[in-house]
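Residues per chain are reported as follows:
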Amino acid sequence: MALSHLASSSSRSSPLLKPLSSAIFLRRSISTDTTPMTIETSVPFTSHQCDTPSRSVETSPNELLTFFRDMALMRRMEIAADSLYKAKLIRGFCHLYDGQEAVAVGMEAAITKKDCIITAYRDHCTFLGRGGTLLEVFSELMGRKDGCSRGKGGSMHFYKKDSNFYGGHGIVGAQVPLGCGLAFAQKYSKDETVTFALYGDGAANQGQLFEALNISALWDLPAILVCENNHYGMGTAEWRAAKSPAYYKRGDYVPGLKVDGMDALAVKQACKFAKEHALKNGPIILEMDTYRYHGHSMSDPGSTYRTRDEISGVRQERDPIERIRKLILAHDLATEKELKDIEKEVRKEVDDAIAQAKESPMPDSSELFTNVFVKGYGAESFGADRKEVRATLP
Amino acid sequence: MAAIFQGVGAAAALSSSPSNSFDTKKLLCSPRRSFSARKGASFVVVRSDGSVNFDLNHKGRRAQQLITNAVATKADSSAAASSSKPGHELLLFEALREGLEEEMERDATVCVMGEDVGHYGGSYKVTKGLAEKFGDLRVLDTPIAENSFTGMGIGAAMTGLRPVVEGMNMGFLLLAFNQISNNCGMLHYTSGGQFKIPIVIRGPGGVGRQLGAEHSQRLESYFQSIPGIQMVACSTPYNAKGLMKAAIRSENPVILFEHVLLYNLKERIPDEDYICNLEEAEMVRPGEHVTILTYSRMRYHVMQAAKTLVNKGYDPEVIDIRSLKPFDLYTIGNSVKKTHRVLIVEECMRTGGIGASLTAAITENFHDYLDAPIICLSSQDVPTPYAGPLEEWTVVQPAQIVTAVEQLCQ
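Residues numbered from 1 in each chain as written. Chains lettered and ligands numbered in written order. Predicted model: local features only at pLDDT ≥ 70, side-chain atom pairs only at ≥ 80, totals over all residues. Heavy atoms only, no water.

## Here we look at the state of the cysteines
Residues and elements named next belong to chain A.
Point 1. Under the definition given, this model contains zero disulfides over all chains.
Point 2. We note that Cys-50 lacks a disulfide partner, and the nearest cysteine sulfur, in Cys-271, lies 13 Å from it.
Point 3. The class for Cys-50 is buried, based on a relative accessible area of 17%.
Point 4. Between Cys-180, a cysteine without a disulfide, and Cys-116, which holds the nearest cysteine sulfur, the sulfur-to-sulfur distance is 12 Å.
Point 5. Since its relative accessible area comes to 0%, Cys-180 is described here as buried. (Disulfide = S-S within 2.5 Å. Buried < 20%, exposed > 50% of the residue type's maximum accessible area, 1.4 Å probe, protein only.)

Here's what the structure looks like:
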C-alpha cells in the first residue's frame, strides 16, 4: 500500500484514533474538500535524458473523488458500449478503453482546456475527459444526429473543437504529425499551451512519428508525445513488434519518461512535468504503462494472444479504479457505501444517456452532402447549373 | 532535346524586345524560355543550356507558318509589350510569389512549409525572398519528410492557421497521400463540420524535360476521388496568381497543380488585387465547331494546334478547365450545347485520368447535345521514359490534336 501522510492543515487530530466519528464528520465535506494532500506514487518514474519528476503528488480529497467518479463513469460507459455493440446498435469498429482510464483522467487533471489533445481511435474516454457528454458519445456510437460528429464520424471520429480535442483518427499513427502541427500552431500564436499527441505501442513503430518528432525537436515545438503502451498492438505483443520496446527511449535525442499508466496520480504528475518541459525545451515523450481489458476492438476476443490469467491478474493488482478506491478508503475520504453509491449513480447516468440516445433520430438524408466542403468563399459554383447539387435519395 | 514549342519568323523580333525577358535573378540549371501567352505571338526555342536556337527542323516535325493573331481572343491583342499598357509583366513563378506574398501580408496566419522554401528560396523560386521578409516561423524549411510535414500542415490548419504546403515535386506528395486523403479531405465531414482545413497544397508536376519516370508524375488523377478537396491547375501568370490567392483564402483544402515547364511563362497582369474563382473554367478562345477542353501545359499544345486548325478552316473553342475538382460543368455545358463536339486534351494518363472523369461527366449531363463521341487525348499509360523522343510521344502533341479535331468534325 502506498505511503501516505496528510498535510497538517486538517482540523482532525489524528485520523486513526476515532475513525468512525471522523468519517461521519468528514462525510459532509468530502465533495468540496480541497485540502491539499500529498501522495506518493507506488512506482518510480524512469527517465531518458531528463530529470524525473518527484514521486510525491499534490492532490486533494476533492480531486481523488473526482478521479474516482470520472473513472467509474468511463468504465461504465465502455461496458455499456460493449453491450450495445453486442446488441448490434453500434456497428463497425468499437475500440474500448477500459483499463486505461487513469491516463485520460490523470492527463486532464494536469492541463487546461486550452491545451490540445489528439488521439487515435480509442477515444471515447478521452472525449469524455475533455468535456464531452454521455449523450454525445452514445448518439455518435449509434450513428444518431445528436452525436458529437452528427452521426457522420462514428466511434473512431469523436471531436470537440471548443475544448481543443482534435480526435479521433482511424489510421494508426497519422494523428502524430497532426498533433505536431497543433503544437506548431500553438507556437505560432504564442499561446503558452501544449499539445498531447497520444498513440499506442503499435503506432510507435510508424515512420511518420519519427519524422514528426524530428521536425518538432528542430523547431522546438511544445509537443508531448504520449505512448499509451498497453503492450499489444492489436494482436501482436510489443516484444514481437518492436526491437526496442522501451518506447520512452525511442526518441533518442528527445527526452522521455516512463510512467505507471494505471496510477492516475502518477499520470497527473508526469503530464504536469511534461507540460513545463515542453514549453521550455521542446518535445518530450511520455510512455504510459497501461493495460486494456477488452480486446483490441469488439471483434477481437482479446484472449487468443494473451491468457485470461494475465488479464485478471492485472485487474486484481493494478486496476486504476481500485487503486483510487483503496486510497480514498485508506484516507477516510469516503466510506465504502458512498463509493458504491457513486457507482450506482454513475450507472444510472449511463443508462439514462443510452435511453436518451436511443430516442435521438438518425441523421437526415440531406446530411449525406453537408460538410463535404465549406461554403462561402466569394463566387462559388457547384454542379451543371451553377446551383448546389442536390441528390434525392429514395 | 529541348524544344517543345516551335516558332518562326517574328521570333527574333520578340526575343529582343523586352530587355528583361529572361529573369534577371540567377536562374540555375532550369531551362529558360520566353513566352507571351495567349497573344498569338511567336515562340522562341530555347535550349536547356540557355542558348537561344532557331533551329526548327526537329525530328522531321514540319515547321509551321505562323500567322500572328490567329488565336487572338481579344481585339486589342498585340505581340509587342508596350509600357503604356496597364499592369506589370512577370513570369509565372513570380506571379505565384506575388500572390503568396500579398496573401501573407494580408493575413498573418498564412505560412509556408516545404523543402527548401526558406533560405534556399524555393527550388522553383516561388518562395524566393519570403523567408527574409517574413521570418523563419512563417516560411519554414522542413526536412525531407512529406508525410509528416503535410500532416503538420493539416494539424495547424485545424486550429485556424492557413498553411501553404509545397511539395517540391507533386510526385513526392504520394508519400503524404494518407494525410491528404484521410485527414485533409475528410476531417471536415467526419467531425460534423467542427474543423475547417484551409490548407493549400501546391507544387509542380507533369512531364518535364527528361526528368525520368518518378519525377514526371501527374497526380491529378490520384487525388481526384478524394472527397472534400478542391483541385485547380494554373496555366498562365494571370490565373496562377489569381488561383493562388483564391486557394489561400478558401476555407476548403485546395490542391494547386503547377507545371514544371510553365514556370517561365511571361505575361502582363493587372496591378490591382484580383482573384480567380476556384471553380470556374477559362474561355481561352471562343469558337463554333468543336469544344476543346484542356488544362495546364496542354493548353499550349492546344493553342499551337489551334493555329493549324484555323488555317485549315476550323473554328475551335478552347476552354482551359482550370478547376479539376469540381468541374465547371456550367461553362463546359454551354460550350457543348453550342458546338456539339468535344475533344479533351490532357496530360494525365488515359486510365482513370481527369479526362476519363470529364468524359463521364459530360456524357452523363450533356449526352443529348453531342453529335459525336467524345475524344479524349491523354498521355500514354506508361512510365515516362527518359529518352527524348520517347518522352515527346508520351504526351499529346499538337499534330495529334489536329488529327483528332479533323476526325471529330467529319
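On we go.
## Comments concerning the packing of aromatic side chains
Residues and elements named next belong to chain A.
Point 1. Counted by the stated rule, this structure contains 13 aromatic pairs over all chains.
Point 2. Between Phe-127 and Phe-165, the ring centres sit 6.1 Å apart and the planes meet at 50°, which makes this aromatic pair tilted. Here Phe-127 is found in helix H4 (residues 124–129), whereas its partner Phe-165 is found in the loop between helix H5 (134–141) and helix H6 (175–188), with 38 residues between them in sequence.
Point 3. A centroid spacing of 6.4 Å and a plane angle of 85° characterise the contact between Tyr-232 and Tyr-291, whose relative ring orientation is edge-to-face. Of the two residues, Tyr-232 is situated in strand E8 (residues 232–233) and Tyr-291 in the loop between strand E11 (284–289) and helix H10 (308–318); the sequence distance between them amounts to 59 residues.
Point 4. For Tyr-291, a relative accessible area of 3% translates into the label buried.
Point 5. Cluster of aromatic residues (ring-pair linked, three or more members): Tyr-232, Tyr-291, Tyr-293 and Tyr-305.
Point 6. If you follow Arg-306 out to its NZ or CZ, it ends over the ring of Tyr-232, 5.6 Å from the centre.
Point 7. Over the ring of Tyr-293 we find Arg-315; its NZ or CZ atom is 4.1 Å from the centre of that ring. (Phe/Tyr/Trp six-rings, centres within 6.5 Å; stacked < 30°, edge-to-face > 60°. Helix = DSSP H or I, 4+ residues; strand = E, 2+ residues; numbered from the N terminus. Lys NZ or Arg CZ within 6 Å of the ring centre and 35° of its normal.)

## Focus: the UniProt feature "domain: Dehydrogenase E1 component" (unreviewed entry) in chain A
Point 1. Taking the UniProt record as the reference, the feature "domain: Dehydrogenase E1 component" (unreviewed entry) is found at residues 69–364 of chain A.
Point 2. Secondary structure within residues 69–364 of chain A divides into 46% helix and 10% strand; the distance between the first and last C-alpha atoms comes to 36 Å. (UniProt positions renumbered as here; feature names shortened; annotations may be inferred.)

## Section: the confidence of the model for chain B
Point 1. This prediction gives chain B a mean pLDDT of 82; 80% of its residues lie at or above 70.
Point 2. Across the interface, the model reports ipTM at 0.82; the global pTM reads 0.81. (pLDDT = per-residue confidence, 0-100.)

## Observations concerning the sheet that holds strand E7 (residues 223–229) of chain A
Residues and elements named next belong to chain A.
Point 1. If you trace the six strands from one edge of the open sheet to the other, you get E3-E10-E11-E7-E6-E5, paired in mixed fashion. Both outer strands of the open sheet, strand E3 (46–48) and strand E5 (116–118), are each paired with one neighbouring strand and no more. Neighbour to neighbour, the strand axes of the sheet diverge by 20° on average, direction disregarded.
Point 2. Sheet analysis places E7 next to E11, joined by six bridges and oriented parallel. Along E11, the bridge assignment pairs Cys-227 with Glu-287.
Point 3. Across the sheet, helix H9 (residues 264–281) touches strand E6 (195–200), E7, strand E10 (256–260) and E11, and the angle it forms with E11 is around 170°. (Pairing = 2+ DSSP bridges. Axes fitted to C-alpha atoms, helices over the stretch in contact; angles between N-to-C directions. Contact = heavy atoms within 4.5 Å.)

## Let's talk about the UniProt feature "domain: Transketolase-like pyrimidine-binding" (unreviewed entry) in chain B
Point 1. The UniProt feature table records "domain: Transketolase-like pyrimidine-binding" (unreviewed entry) at residues 90–265 of chain B.
Point 2. Counted over residues 90–265 of chain B, helix gives 36% and strand 18%. Its end C-alpha atoms are 8 Å apart.

## Details of the pairing of strand E4 (residues 110–114) of chain B
Along any regular strand, the residues point their side chains to alternate faces of the sheet.
All names here are of chain B.
Point 1. In terms of residue burial, E4 counts as a mostly covered element, since five of its five residues are buried.
Point 2. Note: E4 against strand E6 (residues 162–166), five bridges, orientation parallel. Bridging across to E6, Val-112 finds its partner in Val-164.
Point 3. With three bridges joining them, E4 and strand E5 (residues 139–141) adopt parallel strand pairing. Paired with Val-112 across the two strands is Val-139, which belongs to E5.

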